Amino acid sequence: MRIVWSIGDPHGIGPEIILKSFLKLEHSGHAFLVAGSYTVMDYYRNMLDLPVKLELIDHVSEIIHVRDGVLPVLRIAEPNAIMPGLISAEAGRIAITAINAAAELCREGVCDALVTAPINKEAIAMAGCTETGHTGILGNIFGIPSPTMLFFDSVLELRVALATIHEPIAKVPGLIRTMNLDAFLSALDESLNTDFALASPRIAVLGLNPHASDSGIMGNEEQEIISPCIERLSSRLRVEGPFPADGFFGSNRYRDYDCVVAMYHDQGLLPFKVLAFDTGVNVTLGLPIVRTSPDHGTGFDIAGKGIASERSCYEATLLAITIANNRKNKQNNYDDLIQQR
(Lines give C-alpha, C1' and ligand atoms only; values in the text may rest on other atoms or scores of the structure.)
Protein backbone atom coordinates (compact mmCIF):
# COMPACT_ATOMS: atom_id res chain seq x y z
CA MET A 1 0.00 0.00 0.00
CA ARG A 2 1.10 3.57 -0.68
CA ILE A 3 -0.32 6.11 1.74
CA VAL A 4 -0.25 9.87 1.17
CA TRP A 5 -0.26 12.28 4.10
CA SER A 6 -1.53 15.78 3.35
CA ILE A 7 0.63 18.16 5.36
CA GLY A 8 -2.17 20.00 7.17
CA ASP A 9 -1.61 23.49 8.52
CA PRO A 10 2.15 24.26 8.28
CA HIS A 11 1.94 26.22 11.54
CA GLY A 12 0.38 23.36 13.50
CA ILE A 13 1.52 19.95 14.71
CA GLY A 14 0.72 18.16 11.45
CA PRO A 15 4.29 18.00 10.09
CA GLU A 16 5.58 16.81 13.47
CA ILE A 17 3.10 13.95 13.85
CA ILE A 18 3.67 12.88 10.24
CA LEU A 19 7.43 12.69 10.83
CA LYS A 20 6.98 10.77 14.08
CA SER A 21 4.48 8.38 12.49
CA PHE A 22 6.88 7.68 9.63
CA LEU A 23 9.59 6.71 12.11
CA LYS A 24 7.24 4.01 13.41
CA LEU A 25 6.12 2.87 9.96
CA GLU A 26 9.17 3.22 7.71
CA HIS A 27 9.90 -0.53 7.88
CA SER A 28 6.25 -1.66 7.77
CA GLY A 29 6.43 -2.81 4.15
CA HIS A 30 4.19 0.04 3.01
CA ALA A 31 5.17 3.15 1.07
CA PHE A 32 4.48 6.72 2.20
CA LEU A 33 4.39 10.17 0.66
CA VAL A 34 3.77 13.69 1.96
CA ALA A 35 1.85 16.14 -0.22
CA GLY A 36 2.66 19.72 0.72
CA SER A 37 5.87 21.62 1.35
CA TYR A 38 9.40 20.24 1.50
CA THR A 39 10.59 23.42 3.22
CA VAL A 40 8.05 22.94 6.02
CA MET A 41 8.85 19.26 6.54
CA ASP A 42 12.59 19.97 6.56
CA TYR A 43 12.08 22.87 8.99
CA TYR A 44 10.33 20.71 11.59
CA ARG A 45 12.67 17.78 11.04
CA ASN A 46 15.63 19.99 11.90
CA MET A 47 13.92 21.98 14.66
CA LEU A 48 12.80 18.82 16.46
CA ASP A 49 15.92 16.81 15.61
CA LEU A 50 13.93 13.90 14.19
CA PRO A 51 16.03 11.28 12.34
CA VAL A 52 13.87 11.14 9.20
CA LYS A 53 15.43 11.08 5.75
CA LEU A 54 13.44 13.32 3.40
CA GLU A 55 13.58 13.53 -0.38
CA LEU A 56 12.11 16.34 -2.43
CA ILE A 57 10.14 15.30 -5.50
CA ASP A 58 8.47 17.62 -7.98
CA HIS A 59 6.46 14.99 -9.86
CA VAL A 60 4.85 11.73 -8.75
CA SER A 61 6.80 9.82 -11.39
CA GLU A 62 9.88 10.33 -9.21
CA ILE A 63 8.39 8.20 -6.40
CA ILE A 64 9.69 4.98 -7.92
CA HIS A 65 13.27 6.17 -7.46
CA VAL A 66 12.89 6.90 -3.72
CA ARG A 67 14.97 4.59 -1.54
CA ASP A 68 13.53 2.48 1.26
CA GLY A 69 13.51 4.28 4.60
CA VAL A 70 13.21 7.69 2.93
CA LEU A 71 10.08 9.86 3.13
CA PRO A 72 9.38 11.60 -0.19
CA VAL A 73 7.75 15.02 -0.10
CA LEU A 74 5.82 16.08 -3.18
CA ARG A 75 6.22 19.83 -3.41
CA ILE A 76 2.78 21.38 -3.87
CA ALA A 77 3.32 24.86 -2.42
CA GLU A 78 6.01 26.61 -0.40
CA PRO A 79 5.50 29.30 2.30
CA ASN A 80 7.19 32.67 2.50
CA ALA A 81 7.71 32.10 6.21
CA ILE A 82 7.08 29.37 8.81
CA MET A 83 5.61 30.57 12.10
CA PRO A 84 4.47 27.76 14.44
CA GLY A 85 1.28 28.60 16.28
CA LEU A 86 0.23 31.46 14.00
CA ILE A 87 -3.09 31.48 12.13
CA SER A 88 -2.51 32.77 8.61
CA ALA A 89 -4.14 32.80 5.19
CA GLU A 90 -0.95 31.48 3.58
CA ALA A 91 -0.90 28.46 5.87
CA GLY A 92 -4.57 27.85 5.11
CA ARG A 93 -3.89 28.06 1.38
CA ILE A 94 -1.08 25.53 1.56
CA ALA A 95 -3.25 23.16 3.61
CA ILE A 96 -6.12 23.32 1.09
CA THR A 97 -3.80 22.94 -1.90
CA ALA A 98 -2.20 19.88 -0.32
CA ILE A 99 -5.58 18.25 0.34
CA ASN A 100 -6.63 18.71 -3.28
CA ALA A 101 -3.35 17.33 -4.61
CA ALA A 102 -3.38 14.33 -2.27
CA ALA A 103 -7.01 13.53 -3.12
CA GLU A 104 -6.15 13.54 -6.83
CA LEU A 105 -3.27 11.12 -6.20
CA CYS A 106 -5.79 8.71 -4.69
CA ARG A 107 -8.33 9.31 -7.45
CA GLU A 108 -5.68 8.49 -10.05
CA GLY A 109 -4.61 5.33 -8.22
CA VAL A 110 -1.10 6.59 -7.47
CA CYS A 111 -1.85 6.24 -3.75
CA ASP A 112 -4.17 3.78 -2.03
CA ALA A 113 -5.36 6.01 0.81
CA LEU A 114 -5.22 9.54 2.16
CA VAL A 115 -4.44 10.50 5.76
CA THR A 116 -5.05 14.19 6.38
CA ALA A 117 -3.09 16.11 9.00
CA PRO A 118 -5.13 18.70 10.95
CA ILE A 119 -6.19 22.00 9.38
CA ASN A 120 -7.41 25.18 11.04
CA LYS A 121 -10.93 26.34 10.15
CA GLU A 122 -10.09 30.03 10.58
CA ALA A 123 -6.95 29.75 8.44
CA ILE A 124 -8.70 28.02 5.54
CA ALA A 125 -11.53 30.58 5.76
CA MET A 126 -8.95 33.36 5.50
CA ALA A 127 -7.65 31.57 2.39
CA GLY A 128 -11.12 31.70 0.82
CA CYS A 129 -12.43 28.21 1.61
CA THR A 130 -16.15 28.15 2.39
CA GLU A 131 -16.14 24.64 3.90
CA THR A 132 -15.64 24.07 7.61
CA GLY A 133 -13.37 21.03 7.38
CA HIS A 134 -11.98 18.09 5.46
CA THR A 135 -15.31 16.30 5.10
CA GLY A 136 -16.92 19.13 3.15
CA ILE A 137 -13.77 19.82 1.11
CA LEU A 138 -13.46 16.20 0.03
CA GLY A 139 -17.18 15.95 -0.60
CA ASN A 140 -16.88 18.85 -3.06
CA ILE A 141 -13.82 17.37 -4.76
CA PHE A 142 -15.60 14.09 -5.45
CA GLY A 143 -19.12 15.43 -5.95
CA ILE A 144 -20.49 13.70 -2.85
CA PRO A 145 -23.02 16.08 -1.23
CA SER A 146 -23.13 14.44 2.19
CA PRO A 147 -20.27 12.08 3.10
CA THR A 148 -20.50 10.55 6.56
CA MET A 149 -18.19 11.49 9.42
CA LEU A 150 -17.32 8.51 11.60
CA PHE A 151 -14.94 8.23 14.53
CA PHE A 152 -13.18 4.99 15.39
CA ASP A 153 -11.06 3.79 18.29
CA SER A 154 -9.25 0.49 17.79
CA VAL A 155 -8.62 0.00 21.51
CA LEU A 156 -12.32 0.07 22.46
CA GLU A 157 -13.61 -1.05 19.03
CA LEU A 158 -15.84 2.02 19.31
CA ARG A 159 -17.40 3.64 16.24
CA VAL A 160 -19.51 6.79 16.38
CA ALA A 161 -21.15 8.22 13.25
CA LEU A 162 -22.74 11.66 13.03
CA ALA A 163 -26.11 12.24 11.39
CA THR A 164 -25.31 15.98 11.20
CA ILE A 165 -21.78 17.35 11.30
CA HIS A 166 -20.62 20.95 11.91
CA GLU A 167 -24.03 22.52 12.33
CA PRO A 168 -25.36 25.03 14.87
CA ILE A 169 -27.51 23.35 17.51
CA ALA A 170 -30.49 25.48 16.46
CA LYS A 171 -30.44 23.92 12.99
CA VAL A 172 -30.18 20.28 14.05
CA PRO A 173 -33.90 19.46 14.59
CA GLY A 174 -34.79 20.83 11.17
CA LEU A 175 -31.96 18.94 9.51
CA ILE A 176 -33.02 15.68 11.16
CA ARG A 177 -36.55 16.23 9.87
CA THR A 178 -35.49 17.00 6.30
CA MET A 179 -32.59 14.56 5.82
CA ASN A 180 -33.09 11.10 4.37
CA LEU A 181 -32.35 9.16 7.52
CA ASP A 182 -33.23 5.85 5.84
CA ALA A 183 -30.60 6.44 3.16
CA PHE A 184 -28.05 7.62 5.75
CA LEU A 185 -28.38 4.46 7.85
CA SER A 186 -28.42 2.20 4.79
CA ALA A 187 -25.24 3.80 3.48
CA LEU A 188 -23.64 3.52 6.91
CA ASP A 189 -24.45 -0.18 7.04
CA GLU A 190 -22.86 -0.68 3.61
CA SER A 191 -19.72 1.24 4.60
CA LEU A 192 -19.33 -0.74 7.82
CA ASN A 193 -19.60 -3.90 5.75
CA THR A 194 -17.10 -2.81 3.10
CA ASP A 195 -14.59 -0.68 4.99
CA PHE A 196 -14.60 -2.49 8.34
CA ALA A 197 -15.45 -5.98 7.04
CA LEU A 198 -18.46 -6.26 9.37
CA ALA A 199 -20.84 -8.74 7.75
CA SER A 200 -23.98 -7.70 9.62
CA PRO A 201 -23.17 -4.67 11.78
CA ARG A 202 -25.31 -3.78 14.80
CA ILE A 203 -26.16 -0.08 14.76
CA ALA A 204 -27.49 1.89 17.75
CA VAL A 205 -29.28 5.17 17.08
CA LEU A 206 -29.40 7.85 19.76
CA GLY A 207 -32.39 10.09 20.28
CA LEU A 208 -32.27 13.81 19.57
CA ASN A 209 -34.02 15.04 22.72
CA PRO A 210 -33.21 14.47 26.41
CA HIS A 211 -34.21 10.93 27.47
CA ALA A 212 -35.11 10.30 23.80
CA SER A 213 -38.09 12.62 24.56
CA ASP A 214 -39.71 10.29 27.17
CA SER A 215 -42.49 9.28 24.77
CA GLY A 216 -42.99 12.78 23.42
CA ILE A 217 -42.83 14.79 26.64
CA MET A 218 -39.65 16.61 25.57
CA GLY A 219 -39.96 16.77 21.81
CA ASN A 220 -41.40 14.58 19.09
CA GLU A 221 -38.59 13.92 16.60
CA GLU A 222 -38.15 10.42 18.03
CA GLN A 223 -41.82 9.50 17.51
CA GLU A 224 -42.23 11.23 14.15
CA ILE A 225 -38.86 10.69 12.47
CA ILE A 226 -36.35 8.39 14.16
CA SER A 227 -38.49 5.49 15.41
CA PRO A 228 -40.46 5.08 12.14
CA CYS A 229 -37.17 5.04 10.23
CA ILE A 230 -35.73 2.31 12.46
CA GLU A 231 -38.93 0.30 12.10
CA ARG A 232 -38.79 0.54 8.30
CA LEU A 233 -35.18 -0.62 8.19
CA SER A 234 -35.33 -3.31 10.88
CA SER A 235 -36.37 -6.03 8.42
CA ARG A 236 -33.05 -5.80 6.56
CA LEU A 237 -30.65 -3.98 8.91
CA ARG A 238 -29.65 -4.64 12.53
CA VAL A 239 -30.54 -1.16 13.71
CA GLU A 240 -32.03 -0.34 17.12
CA GLY A 241 -33.10 2.71 19.11
CA PRO A 242 -33.65 5.53 19.64
CA PHE A 243 -31.70 5.36 22.90
CA PRO A 244 -31.42 8.15 25.48
CA ALA A 245 -27.99 9.63 24.87
CA ASP A 246 -27.18 10.65 28.44
CA GLY A 247 -26.72 7.18 29.89
CA PHE A 248 -25.79 5.24 26.78
CA PHE A 249 -22.02 5.58 27.02
CA GLY A 250 -21.77 5.72 30.81
CA SER A 251 -23.58 2.39 31.09
CA ASN A 252 -21.26 0.84 28.47
CA ARG A 253 -24.16 0.01 26.18
CA TYR A 254 -21.99 1.04 23.24
CA ARG A 255 -20.10 -2.24 23.73
CA ASP A 256 -23.17 -4.12 22.46
CA TYR A 257 -23.03 -2.43 19.06
CA ASP A 258 -20.62 -2.06 16.16
CA CYS A 259 -21.56 1.57 15.61
CA VAL A 260 -23.44 4.32 17.43
CA VAL A 261 -25.22 7.07 15.49
CA ALA A 262 -25.36 10.45 17.18
CA MET A 263 -27.79 13.11 15.98
CA TYR A 264 -25.34 16.02 16.26
CA HIS A 265 -21.64 16.76 16.72
CA ASP A 266 -21.21 17.17 20.48
CA GLN A 267 -23.67 14.41 21.33
CA GLY A 268 -21.30 11.91 19.74
CA LEU A 269 -17.92 13.58 20.01
CA LEU A 270 -18.02 14.55 23.68
CA PRO A 271 -18.23 10.95 24.98
CA PHE A 272 -15.98 9.65 22.19
CA LYS A 273 -13.16 12.05 23.02
CA VAL A 274 -13.49 11.35 26.74
CA LEU A 275 -13.08 7.65 26.02
CA ALA A 276 -10.55 7.81 23.17
CA PHE A 277 -8.86 11.20 22.93
CA ASP A 278 -5.34 9.93 22.17
CA THR A 279 -6.24 6.94 19.99
CA GLY A 280 -9.37 8.09 18.14
CA VAL A 281 -9.43 8.37 14.35
CA ASN A 282 -11.71 10.35 12.05
CA VAL A 283 -12.93 8.47 8.95
CA THR A 284 -14.88 9.87 6.00
CA LEU A 285 -17.31 7.27 4.66
CA GLY A 286 -19.02 7.39 1.29
CA LEU A 287 -16.07 8.68 -0.73
CA PRO A 288 -14.57 6.82 -3.71
CA ILE A 289 -11.19 7.06 -1.93
CA VAL A 290 -10.07 6.01 1.54
CA ARG A 291 -9.60 8.96 3.90
CA THR A 292 -8.74 8.98 7.60
CA SER A 293 -7.41 11.65 9.93
CA PRO A 294 -6.18 12.13 13.51
CA ASP A 295 -9.04 12.99 15.84
CA HIS A 296 -7.59 16.28 17.10
CA GLY A 297 -6.83 19.78 15.92
CA THR A 298 -3.77 21.73 14.87
CA GLY A 299 -2.41 22.12 18.40
CA PHE A 300 -1.10 25.64 17.83
CA ASP A 301 -0.23 25.97 21.51
CA ILE A 302 2.35 23.17 21.27
CA ALA A 303 3.40 23.50 17.61
CA GLY A 304 7.15 23.29 17.15
CA LYS A 305 7.81 22.18 20.74
CA GLY A 306 8.34 18.51 19.98
CA ILE A 307 5.75 17.30 22.50
CA ALA A 308 2.85 16.47 20.16
CA SER A 309 1.70 12.84 20.34
CA GLU A 310 1.65 11.02 17.02
CA ARG A 311 -0.56 8.21 18.37
CA SER A 312 -3.78 9.34 16.63
CA CYS A 313 -1.96 9.98 13.34
CA TYR A 314 -0.27 6.59 13.58
CA GLU A 315 -3.62 4.89 14.29
CA ALA A 316 -5.22 6.81 11.41
CA THR A 317 -2.54 5.53 9.06
CA LEU A 318 -2.98 1.93 10.21
CA LEU A 319 -6.74 2.23 9.74
CA ALA A 320 -6.30 3.70 6.25
CA ILE A 321 -4.21 0.68 5.32
CA THR A 322 -6.82 -1.68 6.77
CA ILE A 323 -9.74 -0.03 4.95
CA ALA A 324 -7.83 0.04 1.66
CA ASN A 325 -7.11 -3.67 2.07
CA ASN A 326 -10.75 -4.41 2.93
CA ARG A 327 -11.97 -2.57 -0.16
CA LYS A 328 -9.52 -4.42 -2.40
CA ASN A 329 -10.46 -7.77 -0.89
CA LYS A 330 -14.16 -7.12 -1.43
CA GLN A 331 -13.54 -6.04 -5.02
CA ASN A 332 -11.41 -9.13 -5.65
CA ASN A 333 -14.12 -11.38 -4.19
CA TYR A 334 -16.69 -9.69 -6.42
CA ASP A 335 -14.47 -10.10 -9.49
CA ASP A 336 -13.95 -13.79 -8.69
CA LEU A 337 -17.71 -14.27 -8.34
CA ILE A 338 -18.32 -12.62 -11.73
CA GLN A 339 -15.72 -14.85 -13.39
CA GLN A 340 -17.33 -17.97 -11.94
CA ARG A 341 -20.69 -17.14 -13.53
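Check the entry above for the structure.
Keep in mind it's a predicted model, so treat the numbers as computed, not measured.

On to the packing of aromatic side chains. Summed over all chains, the structure comprises 10 aromatic pairs. With centroids separated by 5.0 Å and ring planes inclined at 10°, the aromatic side chains of Trp5 and Phe32 adopt a geometry described as stacked. Separated by 27 residues along the polypeptide, Trp5 in strand E1 (residues 2-6) and Phe32 in strand E2 (residues 31-36) bring together distant segments of the chain. Of the aromatic side chains, those joined through ring pairs into one cluster are Phe243, Phe248, Phe249, Tyr254 and Tyr257. Taking the ring centre of Tyr314 as reference, the NZ or CZ of Lys24 above it sits at 5.0 Å. Over the ring of Tyr257 we find Arg202, and its NZ or CZ is 4.5 Å from the ring centre.

Here we come to the packing of helix H1 (residues 14-25) against helix H2 (residues 38-48). Contact geometry of H1 with H2 gives a least axis separation of 9 Å together with a crossing angle of 70°. Between H1 and H2, the interaxial angle falls into the category roughly perpendicular. Between H1, through Pro15, Glu16, Ile18 and Leu19, and H2, the contact on the second element is made entirely by Val40, Met41, Tyr44, Arg45 and Leu48. Here the contact of H1 with H2 is built from residues that sort into 7 nonpolar, no polar and 2 charged.

Before going further, it helps to examine the nonpolar core. Within the largest apolar cluster, 67 residues are counted, with the highest numbers of intra-cluster contacts made by Trp5, Leu71, Leu150, Leu185 and Val261. Of the residues forming this core, the biggest block, 7 residues, is contributed by helix H11 (residues 311-340). Filtering out sequence-adjacent residues up to four positions away, Leu71 remains in contact with Trp5, Ile18, Leu19, Phe22, Phe32, Leu33, Val34, Val52, Lys53, Leu54 and Glu55. Counting 26 residues, the second-largest nonpolar core is a separate cluster that includes Val4, Val70, Cys111 and Ile289.

Attention shifts here to the pattern of salt bridges. Applying the stated criterion across every chain, the model contains 14 salt bridges. Between Glu104 and Arg107 there is a salt bridge; the shortest N-O distance is 3.0 Å. Of this pair, Glu104 and Arg107 both sit in helix H3 (residues 89-107), 3 residues apart, roughly one helical turn. Glu104 gets classed as partly exposed once you look at its relative accessible area, which sits at 27%. For the salt bridge of Glu157 with Arg159, the shortest nitrogen-to-oxygen distance reads 3.1 Å. Look at the salt bridges and you will find they share partners, linking Arg177, Glu221 and Glu224 into a network.

Let's shift gears to the sheet that holds strand E10 (residues 259-262). Two strands in a sheet stick together by hydrogen bonds in their backbones, pointing the same way (parallel) or opposite ways (antiparallel). Spatially, the 12 strands line up as an open sheet ordered E3-E4-E2-E1-E5-E12-E11-E6-E7-E10-E8-E9, and their pairing is mixed. With partners counted over all chains shown, the strands left at the sheet margins are strand E3 (53-57) and strand E9 (238-243), one partner each. Averaged over all neighbouring strand pairs, the angle between strand axes comes to 25°, with direction disregarded. Sitting on the sheet, helix H5 (residues 134-142) is in contact with strand E5 (113-116), strand E6 (148-153), strand E11 (281-285) and strand E12 (291-294), with an inclination near 160° to E12.

We now examine the side chain of Lys20. In this fold, Lys20 is placed in helix H1. Within the structure, the side chain of Lys20 is placed 2.9 Å from the backbone oxygen of Ala308, a separation counted as a polar contact. Apart from the residues lying within four places of it in its own chain, the contact partners of Lys20 are Leu50, Gly306, Ile307, Ala308 and Glu310.

Right, let's talk about unusual backbone geometry for a bit. Trans is the common state for peptide bonds, and a negative phi is the common state for residues other than glycine. The amide bond that connects Gly241 to the next residue, Pro242, takes the cis arrangement and shows omega of -5°. As for its position among the elements, Pro242 is in strand E9. If you check the backbone angles, Glu157 has positive phi at about 55° while not being a glycine. Tracing the chain through its elements places Glu157 in the loop between E6 and strand E7 (158-162). Although it is not a glycine, Ala197 adopts a positive phi angle of roughly 55°. Considering the arrangement of structural elements, one finds Ala197 in the loop between helix H7 (181-195) and strand E8 (202-206).

Given a rise of 1.5 Å per residue, 15 residues ought to cover 21 Å, and the 20 Å separating the end C-alpha atoms of H7 matches this to within 8%. The element H7 is largely enclosed, with a buried count of 11 among its 15 residues. Within H7, the full set of buried residues consists of Leu181, Asp182, Phe184, Leu185, Ser186, Leu188, Asp189, Ser191, Leu192, Thr194 and Asp195. Looking one or two places after H7, you find Ala197, whose phi comes out positive at around 55°.

Reading the values: the criteria
Residues numbered from 1 in each chain as written. Predicted model: local features only at pLDDT ≥ 70, side-chain atom pairs only at ≥ 80, totals over all residues. Heavy atoms only, no water. Phe/Tyr/Trp six-rings, centres within 6.5 Å; stacked < 30°, edge-to-face > 60°. Helix = DSSP H or I, 4+ residues; strand = E, 2+ residues; numbered from the N terminus. Lys NZ or Arg CZ within 6 Å of the ring centre and 35° of its normal. Axes fitted to C-alpha atoms, helices over the stretch in contact; angles between N-to-C directions. Parallel < 35°, antiparallel > 145°, perpendicular 65-115°, else oblique. Contact = heavy atoms within 4.5 Å. Nonpolar A, V, L, I, M, F, W, Y, C, P; charged D, E, K, R; others polar. Core = buried A, V, L, I, M, F, W, Y, C linked by side-chain atoms within 4.5 Å. Buried < 20%, exposed > 50% of the residue type's maximum accessible area, 1.4 Å probe, protein only. Salt bridge = Lys/Arg side-chain N within 4 Å of Asp/Glu carboxyl O. Pairing = 2+ DSSP bridges. Polar contact = N/O pair within 3.5 Å; in protein donor to acceptor, adjacent residues only side chain to side chain. Expected span 1.5 Å × (residues − 1).

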